[in-house]
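Notes for the structure review
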Amino acid sequence: MKINKYTLLLLLFTLLLPGCYSFKGISIDPNISTFYVTLFDTFSNEAPPTLAQDFTEALRDKIRNESRLNLKDVDPDIDFTGNISSFRVTSEAPEPGETTSFNRLTITVAVDYVNNRDEDNKWKRNFSYFANFEASQNLLDIQEELIVSINTQIVEDIFNYSFTDW
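Chains are numbered independently. Their residues run from 1 in the order of the written sequence. Local features are withheld for residues below a pLDDT of 70 in this predicted model, meaning they are given only at 70 or higher, and side-chain atom pairs are given and counted only at 80 or more; totals for whole chains, interfaces and linings count all residues. With hydrogens and water excluded, all non-hydrogen atoms of the structure serve as input to the side-chain values.

As a further point, take the packing of aromatic side chains. Put simply, two rings from Phe, Tyr or Trp (the six-membered ring, in Trp's case) pair if the centres are within 6.5 Å, and we call them stacked under 30 degrees between planes, edge-to-face over 60, tilted for the rest. All told, the structure shown has 9 aromatic pairs when counted by the stated rule. Residues Y129 and F130 carry aromatic rings whose centres are separated by 5.9 Å and whose planes lie at 20° to one another, so their mutual orientation is stacked. For Y129, a relative accessible area of 32% puts it in the partly exposed group. Three exposure classes are used, based on accessible area relative to the maximum for each residue type with a 1.4 Å probe and protein chains only: buried under 20%, partly exposed in between, and exposed over 50%. Overall, the relative accessible area of 37% leaves F130 in the partly exposed class. Site record: aromatic cluster; members linked through ring pairs are F80, Y113, W123, F127, F159, Y161 and F163. Positioned above the aromatic ring of F130 is the side chain of R104, whose terminal nitrogen or guanidinium carbon lies 3.8 Å from the ring centre. Two conditions define a charge located above a ring, namely a distance within 6 Å from the ring centre to NZ of Lys or CZ of Arg, and an angle within 35 degrees of the ring normal.

Bringing the nonpolar core into the picture now. Counting residues in each nonpolar core, the largest one holds 35 residues, and the members touching the most others are F55, L59, I63, F80 and I107. Helix numbering and strand numbering both begin at the N terminus, where a helix is a DSSP run of H or I of at least 4 residues and a strand a DSSP run of E of at least 2. Contributions of two or more residues to this core are made by β1 (34–37), α2 (51–66), β4 (78–95), β5 (99–115), β6 (122–134) and α3 (139–163). Broken down by element, this core gets its largest block of residues, 10 residues, from α3. If we ignore the near neighbours within four places in the chain, the residues touching F55 are F40, I84, V109, N151, I154, V155 and I158. Definition of nonpolar core: a set of buried residues of the types Ala, Val, Leu, Ile, Met, Phe, Trp, Tyr and Cys, connected through side-chain atoms within 4.5 Å. Whether two residues touch is decided by their heavy atoms; if any such pair falls within 4.5 Å, the residues are in contact.

The subject of this paragraph is the confidence of the model for the chain. A residue's pLDDT is the confidence the predictor assigns to it, expressed on a 0 to 100 scale. Averaged over every residue, the pLDDT of the chain is 86; the share at 70 or more is 80%. Segment residues 8–23 is flagged for pLDDT under 50; beyond a separation of four residues in sequence, or across chains, it makes 3 contacts in the model.

Running from N to C, α2 and α3 point in directions that differ by 45°, and their axes come no closer than 10 Å. By the angle class used here, α2 and α3 are oblique. Here α2 runs over α3; the crossing is right-handed. Contacts between α2 and α3 involve L51, D54, F55, A58, L59, K62, I63 and E66 from the former and I147, N151, I154, V155, E156, I158, F159 and F163 from the latter. Each residue gets one label: Ala, Val, Leu, Ile, Met, Phe, Trp, Tyr, Cys and Pro are nonpolar, Asp, Glu, Lys and Arg are charged, and the others, such as Gly, are polar. A per-class count over the contact of α2 with α3 returns 11 nonpolar, 1 polar and 4 charged. Note on geometry: axes are lines fitted to C-alpha atoms, helical ones only across the stretch in contact, with angles between N-to-C directions running from 0 to 180 degrees. With respect to orientation, any angle under 35 degrees is reported as roughly parallel, any angle over 145 as roughly antiparallel, any angle of 65 to 115 as roughly perpendicular, and every other angle as oblique. By convention the crossing between two helices is left-handed if the near helix lies anticlockwise of the far one by an angle smaller than a right angle, and right-handed if it lies clockwise.

What follows is about α3. The end-to-end C-alpha distance of α3, which contains 25 residues, comes to 34 Å, matching closely the 36 Å that a straight helix rising 1.5 Å per residue would cover. Taking the largest bend as the criterion, α3 deviates by roughly 30°, centred on E145. Think of a polar contact as two N or O atoms within 3.5 Å of one another; within protein, one of them needs to be a possible hydrogen donor and the other a possible acceptor, and neighboring residues in sequence only count if both atoms come from side chains. For α3, the N-terminal cap is N138; the gap from its side-chain oxygen to the backbone nitrogen of L140 is 3.0 Å. Here, expected helix span is obtained from the residue count minus one, scaled by 1.5 Å. Here the bend at each residue means the angle between axes fitted to two seven-residue stretches, the one ending at that residue and the one beginning there.

Side chains of D29, D118, E119 and D120 sit close together on the surface and give a patch of like negative charge. Within the secondary structure layout, D118 lies in the loop between β5 and β6. What makes D118 partly exposed here is its relative accessible area of 34%. Patches here: salt-bridge-free residues with over 30% relative accessible area, like charges joined within 9 Å, nonpolar side chains (Val, Leu, Ile, Met, Phe, Trp, Tyr) joined within 5 Å. Here the Shrake-Rupley method, with its probe set to 1.4 Å, supplies the accessible areas, and only the displayed protein chains count as covering residues. When a carboxyl oxygen of Asp or Glu lies within 4 Å of a side-chain nitrogen of Lys or Arg, that pair is called a salt bridge. Here the positive residues are Lys and Arg and the negative ones are Asp and Glu; neither His nor the chain ends is included. In plain terms, the charge of a residue is placed at NZ if it is Lys, CZ if Arg, CG if Asp and CD if Glu.

Within this structure, the stated rule accounts for 5 salt bridges. Residue E57 is joined to R60 by a salt bridge in which the shortest nitrogen-to-oxygen separation is 2.9 Å. Taken together, the positions of E57 and R60, both in helix α2 and 3 residues apart, correspond to about one turn of that helix. Residue classification places R60 among the buried positions, given a relative accessible area of 12%. The shortest N-O distance in the salt bridge between D61 and R64 comes to 2.5 Å. You can see D61 and its partner R64 sitting in helix α2, 3 residues apart, about one turn around the helix. Here R64 falls in the partly exposed class, since its relative accessible area comes to 34%.

This is the structure in structure tokens:
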């Protein structure tokens, strides 16, 4: 089998491209090398007791695994603080006869972002996401699965808002 030089060049380019460029669009100042995520508080009485710890760890893991930043608890370049401000279940999609066909679990997280190297680069924002479940299901039976799904999306939103140009 004969391979021409253009095919070989295209093959090499395709193999080397992923190592040189990230399609995630991450944009972090080269002078920033560390971050810290302070343990989030829970301001919602309905939330499970481990929700804040689980959320904090998920955000730390996301930043640690998908950026070049190192976790540092003393004098970090970027600091995330915040709280779980809402954990609520609502009835949705009423059916005839005043029953509901599904319920919705919504979690809202208030985040404070501070770039300690650039005083003007800070923000406060709420991030919220929800998951629906059948009205016939007991929340306690599926709560952990729903929380993981919601946390994953909120963490992704926080990461993108903090580190991408999208």
